[in-house]
Amino acid sequence: MTTYPFGMSTPTAGAATLTPRRSSRFVAWVRAWRAGLVPYDEVADAIAGDEEHLVADAPGTWTDVPLGAALPTLAKLSPDEIRLVLPAPGDPRGLPGPGDFAGAALVAGEAVVAGGLGLIPQVRLHTSGSGDCFETVLWRVYPLPANAPAASLSLPGAAEAEAELAAALAETTAALTRLDVAQWRPELAGALAALRRPDGATDLPPGFDPRARRLFARAAVLDRVLALAGHSAPGGAINNYEAQQRDAALRPLTTACRQALVAACNAPLRP
């Protein structure tokens, strides 16, 4: 029998899926464009994939516009001025000073800092006249406070983040094994198996070195599995106390995944 992280067993059919963080795709592809490594014409489609992406409150616009129409707003920025931030309550690293953008980013759990602008994706659910449901993604643009500090705490580089992710994964797996609360819902195991298969969602554009690519691919898979776990039932935890223990065991890995994604997407680019 194949053993998966956190004690998951053989995958089942009908695995749930979850999209990668949209801000990570945005930052990686826009940085590559600004470095001259990918053409402008490819960027919006690479970020959006099969989704419809719109932008609200972009400078010089009066209504929501397609993502491709808003990207020229960032045309004068260097790659180093475009950063991924994945804040969480108690961990605001990467955010500028307090304000509307910082508050919205903490609620969303992800955002983009691009020069003097901040962008946050919002998923909107729609129902057609025939009853079909579909989603669109709206990037809301915020002006950032002038001369605001980027962050009071330093962020790890790719090498440090990779080591921390490996250590957190080993620690979390051991903790869940000791707690014996790792028998999660079968569809979650199937989701992990599905996410392990290569797909375009874990690719970075040209310019990122092998370490950043490896780190992004691994962290993106784990991040999506952890997000699915957050939507799952307590599984093997038979009471609230054990469920709380499981959540506490997962917390260091969740933090390490966020830091790994940030380090990979913000890594220096090479021609």
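Data block above holds the structure.
Residues numbered from 1 in each chain as written. Predicted model: local features only at pLDDT ≥ 70, side-chain atom pairs only at ≥ 80, totals over all residues. Heavy atoms only, no water.

## Thoughts on the overall build of the chain
Scanning the chain from terminus to terminus reveals eight helices and six strands. In sequence order, the secondary structure elements of the chain are arranged as α-α-β-β-α-β-α-β-β-β-α-α-α-α. Every one of the 271 residues in the chain was classed for burial, and the buried ones make up 48%. Sequence-distant contacts, at least 24 apart, represent 71% of the contacts inside the chain between residues at least 6 apart. For the chain, the exposed surface amounts to about 13100 Å²; the carbon and sulfur share of it is 55%. (Helix = DSSP H or I, 4+ residues; strand = E, 2+ residues; numbered from the N terminus. Buried < 20%, exposed > 50% of the residue type's maximum accessible area, 1.4 Å probe, protein only. Contact = heavy atoms within 4.5 Å. Areas by Shrake-Rupley, 256 points an atom, 1.4 Å probe, with all protein chains shown as cover.)

## Let's talk about the nonpolar core
With 55 residues, the main nonpolar core has F26, V30, L71, L74 and L165 as its most contacted residues. The dominant element in this core, judged by the number of residues it contributes, is helix α8 (residues 240-265), at 10 residues. Taken domain by domain, this core gets at least three of its residues from each of domain 1 (22-143) and domain 2 (158-230 + 237-266). Contacts of L165, omitting those with residues within four sequence positions, involve L215, R218, A219, L222, L253, A256, C257 and A260. L95, F101, A104 and A105 belong to the second largest nonpolar core, which has 11 residues in total. (Core = buried A, V, L, I, M, F, W, Y, C linked by side-chain atoms within 4.5 Å. Domains from an automatic or database assignment.)

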